[in-house]
Amino acid sequence: VQLQASGGGLVQVGGSLRLACAGSGSAFSGRRMGWYRQAPGKERNMVALITGDDTTYYAHSVRGRFTISRDNYNNTMYLQMNSLKPEDTAVYYCNLHVQDGGGINDYWGQGTLVTVSS
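A quick note: this is a predicted structure, and the numbers were derived from the prediction, not measured.

A. Just the nonpolar core, in detail. By size, the foremost hydrophobic cluster in this structure holds 28 residues, and its most contacted members are Trp35, Met77, Leu79, Met81 and Tyr92. Residue assignment for this core shows that the elements contributing at least two residues are strand 1 (2-6), strand 3 (17-24), strand 4 (32-38), strand 5 (45-50), strand 7 (66-71), strand 8 (76-81), strand 9 (90-100) and strand 11 (112-117). Considering each element in turn, this core owes the most residues, five residues, to strand 9.

Below, the structure written as structure tokens:
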């Protein structure tokens, strides 16, 4: 399984970015996926999750500003980020959580850097 995150960059406060996570080697449909982020010197934290039945969850700090979605046909997940703040600056990682007869496996993309300047 390979995940490729893209879409990060430098944006001003209040701006928007859309991250994408393209996958190969495993279907996205019916599986939990998510976006996590890690700021310098801090631990990696959940930003948004989308479950197998497409229920979504958000960290309190991004609720109302970020939207997670996915296109199962194209095996791609997205994170639309609006009203960006300096505290959103971090490396963003996508995750695919697979739980099946082979056990439980978590797959990670390589990360994409988002920098919000004030």
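There's more to say after this.
B. Inspection of the pairing of strand 11 at higher detail. Where burial is concerned, the two faces of strand 11 differ: the one with Thr112, Val114 and Val116 is buried and the one with Leu113, Thr115 and Ser117 is not. Bridge analysis of strand 2 (residues 9-12) against strand 11 gives four bridges, and the strand direction is parallel. Residue pairing in the sheet places Leu10 in a bridge with Thr115 of strand 11. With three bridges connecting them, strand 9 and strand 11 associate as antiparallel partners. Opposite Ala90, over in strand 11, you have Val114 as the bridge partner.

C. The packing of aromatic side chains, seen in detail. Tallying each qualifying case throughout the model produces one aromatic pair. Measuring from ring centre to ring centre gives 5.0 Å for Tyr36 and Trp108, while their planes differ by 70°; the resulting arrangement is edge-to-face. Within this pair, whereas Tyr36 is found in strand 4, its partner Trp108 is found in strand 10 (residues 103-108), the two being separated by 72 residues in sequence. For Tyr36, a relative accessible area of 15% corresponds to the buried category. Classification of Trp108 by relative accessible area gives partly exposed; the value is 36%. Of note, Arg44 hangs over the ring of Tyr93, and the distance from its end group to the ring centre comes to 3.7 Å. The ring of Trp108 has Arg44 sitting right over it, with the charged end atom 4.7 Å from the ring centre.

D. The sheet that holds strand 3, seen in detail. Read from one edge to the other, the open sheet built from four strands follows the order 1-3-8-7, with strand pairing classed as antiparallel. Two strands close off the open sheet at either side, each with one partner strand: strand 1 and strand 7. Across this sheet, the average inter-strand angle for adjacent strands is 15°, counted without regard to direction. Of the pairings in the sheet, the one linking strand 1 to strand 3 comprises five bridges and is antiparallel in character.

Rules behind the numbers
- Counting of residues starts from 1 at the beginning of each chain's written sequence and follows it residue by residue.
- Predicted model: local features are reported for residues with pLDDT of at least 70 only, side-chain atom pairs are reported and counted for 80 or more only, and whole-chain, interface and lining totals are derived from all residues.
- Where side-chain values are given, they derive from all heavy atoms of the structure, hydrogens and water being excluded.
- Joining through side-chain atoms within 4.5 Å is the link that ties buried Ala, Val, Leu, Ile, Met, Phe, Trp, Tyr and Cys residues into a set, and such a set is a nonpolar core.
- Partly exposed residues are those whose accessible area sits between 20% and 50% of the maximum for their type, while under 20% is buried and over 50% is exposed, using a 1.4 Å probe and protein chains only.
- Comment: elements are numbered from the N terminus, with helices defined as DSSP H or I runs of at least four residues and strands as E runs of at least two.
- Strands were regarded as paired on the criterion that DSSP finds at least two bridges between them.
- Two rings from Phe, Tyr or Trp (for Trp, the six-membered ring) form a pair when their centres sit within 6.5 Å of each other. Planes less than 30 degrees apart are called stacked, planes more than 60 degrees apart edge-to-face, and all others tilted.
- Each ring is checked for a lysine NZ or an arginine CZ that lies within 6 Å of its centre and within 35 degrees of its normal; such an atom marks a charge sitting over the ring.
- All axes are obtained by fitting lines to C-alpha atoms, using only the stretch in contact for helices, and the reported angles, taken between N-to-C directions, cover 0 to 180 degrees.

Any functional reading would require information beyond the geometric quantities listed.
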